[in-house]
Amino acid sequence: MTAALLIVLAYLLGSLSGSLLLGRLRGVDIRQHGSGNAGGTNALRTQGWKFALGTVLVDVGKGALAVGLAQRYGGDLAWLPWAAAAAAVLGHVWPVFHGFRGGKGAGTLVGALLMLWPVAVLVLIGVWALVLTIWGYVGLSTILAAASLVPLALLDGAAPLRLGFALVFALFILFTHRSNVARLRAGTESRFERVRLWRRLRRGTA
């Protein structure tokens, strides 16, 4: 019973969307602006960096809180914190409080991994930043960062539970970013040119 309640609580925490909660304070629903997504990138593009930062802090924090509660009150059930992480991410993507239209889950996943697998967060951030500064695509950066969880788990000799989580959520992040993939293939994906540092360096040395 306790395990079930913690998983439900994790889903409900995940359903508290940072951008939509902050948007209510501002009188705006960012799903009606920009890409229509309730995540940090669309928050940055449509509402500015302060709003986006608040969004990210809420989304990362709820993932960490969901896992922390499962670790604290879940007893010796090794699988429960991982299940709570999954429930929080699912809540973010399909939030019960916001008509089941949420974000893409990356920020909440990072928050959960901060509690479950801290070294993975360093790798995620590193891969994300590298890809972003080379190509300037946030969606592609997020997809490849999530994909890096799988080789990291293999190199680390991770237990089946951790490896399975890495594989499932690498594929899940790819699924939630399928519209980004479609736009990349069509050549219409938005790009942050200002962060393409490697391109500037190549020009500077040419």
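Described in the following lines is the structure provided in the data block. Just so we're clear, the structure is a prediction, and the values are computed from it rather than from any experiment. (Residues numbered from 1 in each chain as written. Predicted model: local features only at pLDDT ≥ 70, side-chain atom pairs only at ≥ 80, totals over all residues. Heavy atoms only, no water.)

### Regarding the overall build of the chain
- What the chain contains, in helices and strands, is 12 helices and zero strands.
- Ordered by position from the N terminus, the helices and strands of the chain form the series α-α-α-α-α-α-α-α-α-α-α-α.
- The C-alpha radius of gyration computed for the chain amounts to 17 Å, which stays within 12% of the reference 17 Å derived for 206 residues, consistent with globular compactness.
- Along the three orthogonal principal directions, the C-alpha set of the chain runs to about 60 × 45 × 30 Å.
- Across the 206 residues in the chain, those meeting the buried criterion constitute 45%.
- Sequence-distant contacts in the chain: of pairs separated by 6 or more residues, those separated by 24 or more amount to 66%.
- When the accessible surface of the chain is split by element, carbon and sulfur atoms take 68% of a total near 10,700 Å².
- Of the charged side chains in the chain, 20 are positive and 6 negative, and the gap between their average positions amounts to 10 Å. (Helix = DSSP H or I, 4+ residues; strand = E, 2+ residues; numbered from the N terminus. Rg over C-alpha atoms; globule rule 2.2 N^0.38 Å. Buried < 20%, exposed > 50% of the residue type's maximum accessible area, 1.4 Å probe, protein only. Contact = heavy atoms within 4.5 Å. Areas by Shrake-Rupley, 256 points an atom, 1.4 Å probe, with all protein chains shown as cover. Lys, Arg positive; Asp, Glu negative; His and termini not counted. Charge placed at Lys NZ, Arg CZ, Asp CG, Glu CD.)

### Re the packing of helix α7 (residues 118–135) against helix α8 (residues 138–147)
- One can describe the packing of α7 onto α8 by two numbers: an axis separation of 8 Å at closest approach and a directional angle of 145°. At the point where α7 passes α8, the crossing takes the right-handed sense. Contact with α7, carried on its side by Leu124, Val127, Trp128, Val131, Leu132 and Trp135, involves Val138, Leu140, Ser141, Thr142, Leu144, Ala145 and Ala146 of α8 and no other residues of that element.
- By residue class, the composition of the contact of α7 with α8 is 11 nonpolar, two polar and no charged. (Axes fitted to C-alpha atoms, helices over the stretch in contact; angles between N-to-C directions. Left-handed = near helix turned anticlockwise from the far one by under 90°. Nonpolar A, V, L, I, M, F, W, Y, C, P; charged D, E, K, R; others polar.)

### Some words on the pattern of salt bridges
- Applying the stated rule across the entire model yields six salt bridges.
- As a salt-bridge pair, arginine 162 and aspartate 156 come within 3.9 Å of each other at their nearest N and O atoms.
- In this structure, glutamate 193 engages arginine 196 in a salt bridge whose closest nitrogen and oxygen atoms are separated by 3.2 Å.
- For glutamate 193, a relative accessible area of 39% puts it in the partly exposed group.
- Shared partners join several salt bridges into a network, and the residues in it are Arg191, Glu193 and Arg196. (Salt bridge = Lys/Arg side-chain N within 4 Å of Asp/Glu carboxyl O.)

### A short note on the nonpolar core
- Within the largest apolar cluster, 25 residues are counted, with the highest numbers of intra-cluster contacts made by Leu109, Leu113, Trp117, Leu149, Phe165 and Phe169.
- Look past the residues within four positions of phenylalanine 165 in its chain and what remains in contact with it is Trp82, Ala85, Ala86, Leu109 and Leu113.
- Leu6, Leu13, Ala84 and Ala88 belong to the second-largest nonpolar core, a separate cluster that totals 10 residues. (Core = buried A, V, L, I, M, F, W, Y, C linked by side-chain atoms within 4.5 Å.)

### Overview of unusual backbone geometry
- If you check the backbone angles, phenylalanine 100 has positive phi at about 60° while not being a glycine.
- Owing to a relative accessible area of 48%, phenylalanine 100 belongs among the partly exposed residues under this scheme.

### Brief notes about the packing of aromatic side chains
- Within this structure, the stated rule accounts for five aromatic pairs.
- Summarising the aromatic geometry, the rings of tryptophan 94 and phenylalanine 172 are spaced 5.9 Å apart at their centres and angled 70° between planes, so their arrangement reads as edge-to-face. Placement of the pair is tryptophan 94 in the loop between α5 (80–93) and α6 (106–116) and phenylalanine 172 in helix α10 (residues 160–176), with a sequence separation of 78 residues.
- Using a relative accessible area of 35% as the deciding quantity, one classes tryptophan 94 as partly exposed.
- Phenylalanine 172 gets classed as buried once you look at its relative accessible area, which sits at 13%.
- Among the aromatic residues, ring-to-ring pairing joins Trp82, Trp94, Phe165, Phe169, Phe172 and Phe175 into one connected group.
- The ring of phenylalanine 175 is capped by arginine 178, whose NZ or CZ atom sits 4.1 Å from the centre of that ring. (Phe/Tyr/Trp six-rings, centres within 6.5 Å; stacked < 30°, edge-to-face > 60°. Lys NZ or Arg CZ within 6 Å of the ring centre and 35° of its normal.)

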